[in-house]
Amino acid sequence: MPVPCLCLKSCFFNALHQTLTHSTGWKRKPTGPRFFMISTLTLVNWLAFVEAHPHDFTIQYPARREYFIQNFRCEPAPRTSEWLSDLDQLLLYLHIPFCEAKCYYCNFAVDVNQSEDFHRKYVDALLRELDSHADWLPNCEIAGVDIGGGTPTMLATAELRRIARAVKPLLKKSARPFPFSIETTPRIAAEELEKLQILHDEGVDRVSLGVQSFNAITLASVNRFRQIAQTDIAMANLRRTGFKRVNLDIIFGLPNQTLEDWKYDLDQIIALDPDSITTYDCLYRGKGRALTKRTVILPTPETYGALYDLAFEKLYLAGWKTTYGSVNFSKHHNETGTSACFEGRLLDGMPYLGLGNYASSLRGNHWSFNTYSASDYMTNIRTGSNPCAYFYDLPAAESQAKYILYSLNYGFVDESRFMRRFGVKLTETFAEELGHAINAGWMECCDNRWQVKLGQFKNMHAIRSLFYPEQARKWLMALQEPML
Ligand code: SF4
C-alpha cells in the first residue's frame, strides 16, 4: 500500500496542532508523580499481547461477549421497566433488524427475511413493547431517539408511519436540536421518495445514509451491490425532502482497499456535501465474522492509521472538523455529527432503553439485551414473556472501560463527564494507564480532555486496551482459542 508523504503529513499536523492550540487556548497539562508507573511489567506484558492481536481491540467492549456472560450475567433477567422506570431522562433506541442481505463485516442482529407480513408482525411486537412502558416513559425527558438496525427503511411506508407516530410524542421534552434520527441506504433513498417524505412529515430530523464505499469491487467483496449510481440521487432526495441533518457513512480498512481507493471515496463523499461524515474503521474482530473468514490479509494498525490520517487531513481541509481520533466529522460548529441518541450514549454515558430484538438497555452498571432472533423476540412479546435475555451487573471497572472506549470514538475522554458518570476522578482511577499513554506519545491532556495525539490513530488498539480491567486482561490472555 502506498504511504503518504510523511513530511507533508507531519507539516500538516504541526500546522493544524498549532492552529487548534492557539484558537482554543489549550494547554498541555503538566504530568507529575501521580503518573509514576507502578506495575510496568504487567502493563508491558498486556501491551505485548495486544500488539499480537490488534484487531480484537475495537470500540466494542468487551472484546468477547462470553467474558460478560461468564462473569457478570444475572438470571433471571428482570424486565427493563423494573430498573429504568424511575428515571427522569433517557434515550430511546428502536431496532429494525431487516436488511436486503447481510454485509460480510456486519455483526449486528440482522434478519434478511423479506416478507412484508413478517415485517408487519415485527412492528406489531415492537410497538407492543413500547406500549408496555406507557405508564412511565411519557413522563421522562427522552433526549434522543434512534431508529436503527438493520435497515429500518426496508419496512413498508405504512409501518414506518406507525413507528414514527408512536415515537414523535415522546420527544416533546427533548432539548436537543435534532433528536429524531433514522438510518437508510442509497437504494431506498433513491427509489422510495415517499418513505422519506413520510419520515420527514412525522418528525424525523436526521437521516444517516450507509454509503460505505464508491468502489464496486470493494462493495461486492463485502456483499453490497447496486448502490453507487444511486448515491447522488439519494442525496438529492434527502435534501429535497428537507431533513435538517444528513450524515453519510463510509468505511476504511475494507478488504484490499488502498490509499488511492480511499482518497477517491473521500473525494466523492466531499462532493456530496453532507452535514456530517462518519468514517468507520472496518472491523475484523472475531474469527466467526464472515469478512474475517474471507479476508486473506487483514489491514495492519499502520494501514488503519494511514487511512484515518488521510481522512482527517482531507476532511479537515474541506471543512468537516473533529477532534483528532474521532471518526465523526461535522461541518457545523459545535456539533459532533452523530445522532442525539448516539452522542448521549457514547459521550455522556446516559441511560437508554432499547426496543426490538437484541436491543440493549443501560443504566449505570446495569446492561441488558433482548433475545437475539427476531422470531423469538416476536414470540416473547406475543405471549407476554420478558423479551430481555441477558442482564449484566457490571463492576465499576467494567463500566468504566466500556464508557472510555465509547468516548474514544470521539477522540477523547473528558474528565468532567467521567466524574459525572462514575463519581471518581479519571486521573486517579487510570493513573498508570494515562501515564503510559503520555510517555508513549499516544495521548495528551488539554483542558481536562484526554485526547489521542495527532498521528496516533495507528495505536488506537493499544490506547483502547489500556483501559481494560485486570480481570478482562487475564481472561483474554487465558483464552484457549487464539484471538485474531
Ligand atoms: S446494511 Fe447495515 S445493518 Fe444491514 S447487514 Fe449491512 S452493515 Fe449490517
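Bear in mind that the values here come from a model prediction, so they are computed numbers and not experimental data.

K.L.:
Help me out: how do you make sense of the packing of aromatic side chains in this one?
P.N.:
A ring pair, where both rings are aromatic, is described by two values, the distance of the centres and the angle of the planes. Under the counting rule described, the total for this entry stands at 37 aromatic pairs. Centroid distance Phe312 to Phe329: 6.3 Å. Interplanar angle 55 degrees. Geometry classified as tilted. Taken as a pair, Phe312 in helix H13 (residues 301-318) and Phe329 in strand S7 (residues 328-330) lie far apart in primary sequence, 17 residues in all. Geometrically, the ring pair formed by Phe418 and Phe430 is edge-to-face, given 6.2 Å between the ring centres and 75 degrees between the ring planes. Taken as a pair, Phe418 in helix H17 (residues 415-422) and Phe430 in the loop between helix H18 (426-429) and helix H19 (431-439) lie far apart in primary sequence, 12 residues in all.

K.L.:
Any chance you could explain the packing of helix H6 (residues 157-167) against helix H8 (residues 193-201) here in plain terms?
P.N.:
Two packed helices can be described by the angle between their axes and the distance between those axes. Between H6 and H8, whose axes approach to 9 Å, the crossing angle comes to 15 degrees. Classified by the interaxial angle, the pair formed by H6 and H8 is roughly parallel. For the crossing formed where H6 meets H8, the hand is right-handed. Packed against H6, whose contacting residues are Thr157, Leu160 and Arg161, the element H8 presents Glu194, Lys195, Ile198 and Leu199 at the interface.

K.L.:
Just to check I follow, could you spell out the site of the ligand for this structure?
P.N.:
The environment of the ligand is formed by Cys99, Ala101, Lys102, Cys103, Tyr105, Cys106, Phe108, Val110, Gly149, Gly150, Thr151 and Arg224. Within the shell around the ligand, the residues separate by chemical class into seven nonpolar, three polar and two charged.

K.L.:
Would you mind going over unusual backbone geometry with me for this structure?
P.N.:
Negative phi characterises most residues that are not glycine, and trans characterises most peptide bonds. With an omega of 5 degrees, the peptide bond between Tyr61 and Pro62 qualifies as cis. With respect to the helices, strands and loops of the structure, Pro62 is situated in the loop between helix H2 (40-52) and helix H3 (65-72). Backbone torsion omega between Glu75 and Pro76 reads -5 degrees, so that peptide bond is classified as cis. Take Pro76: it is sitting in the loop between H3 and helix H4 (80-84). In this structure, Asn256 is a non-glycine residue whose phi angle is positive, near 60 degrees. With respect to the helices and strands, the residue Asn256 is situated in the loop between strand S5 (245-252) and helix H11 (259-272). In this model, Asp273 sits at a positive phi of 55 degrees, which is unusual for a non-glycine residue.

K.L.:
I would appreciate a short explanation of the environment of Gly354 in the present structure.
P.N.:
Within the secondary structure, Gly354 sits in strand S8 (residues 352-355). Accessibility expressed as a relative area gives 1% for Gly354, which makes it buried. Put simply, Gly354 and Asn370 are 16 residues apart on the chain and 8.3 Å apart in space, counted from C-alpha to C-alpha. The residues contacting Gly354, other than those within four sequence positions of it, are Tyr93, Glu129, Ala359, Ser360, Ser361 and Asn370.

K.L.:
Honestly, the pairing of strand S10 (residues 366-370) in this entry has me stumped. Any pointers?
P.N.:
Where a strand is regular, its side chains alternate between the two sheet faces. S10 sits mainly inside the fold: four of its five residues count as buried. Bridge count between strand S9 (residues 360-363) and S10: four bridges; the pairing is antiparallel. Across the sheet, residue Ser361 finds its bridge partner in S10, namely Ser368. In sequence, S9 turns back onto S10 through a hairpin of two residues, with Gly364 there showing a positive phi of about 55 degrees. In this structure, S10 lies alongside strand S11 (residues 388-393), joined through five bridges in antiparallel fashion. Its bridge partner being in S11, Trp367 is matched across the sheet by Tyr392.

K.L.:
Before we go on, may I ask you to explain the environment of Leu307 in this structure?
P.N.:
Along the chain, Leu307 turns up in helix H13. Along the chain, Leu307 and Phe457 lie 150 residues apart, while their C-alpha atoms are 9.4 Å from each other. Dropping the residues within four chain positions of it, Leu307 is found in contact with Phe252, Gly253, Gln257, Thr258, Leu259 and Trp262.

K.L.:
Any chance you could explain the sheet that holds strand S13 (residues 443-446) here in plain terms?
P.N.:
Hydrogen bonds between backbone groups are what pair the strands of a sheet, and the pairing can be parallel or antiparallel. Spatially, three strands are ordered S12-S14-S13 in an open sheet, and the strand pairing comes out antiparallel. Each end of this open sheet is capped by a strand with a single partner; those strands are strand S12 (412-414) and S13. Strand-to-strand twist in this sheet, taken as the mean axis angle between neighbours without regard to direction, amounts to 20 degrees. Alignment of S13 against strand S14 (residues 449-452), held across four bridges, turns out to be antiparallel.

Reading guide: rules and limits
Residues numbered from 1 in each chain as written. Predicted model: local features only at pLDDT ≥ 70, side-chain atom pairs only at ≥ 80, totals over all residues. Heavy atoms only, no water. Phe/Tyr/Trp six-rings, centres within 6.5 Å; stacked < 30°, edge-to-face > 60°. Helix = DSSP H or I, 4+ residues; strand = E, 2+ residues; numbered from the N terminus. Axes fitted to C-alpha atoms, helices over the stretch in contact; angles between N-to-C directions. Parallel < 35°, antiparallel > 145°, perpendicular 65-115°, else oblique. Left-handed = near helix turned anticlockwise from the far one by under 90°. Contact = heavy atoms within 4.5 Å. Near = heavy atom within 4 Å. Nonpolar A, V, L, I, M, F, W, Y, C, P; charged D, E, K, R; others polar. Buried < 20%, exposed > 50% of the residue type's maximum accessible area, 1.4 Å probe, protein only. Pairing = 2+ DSSP bridges.

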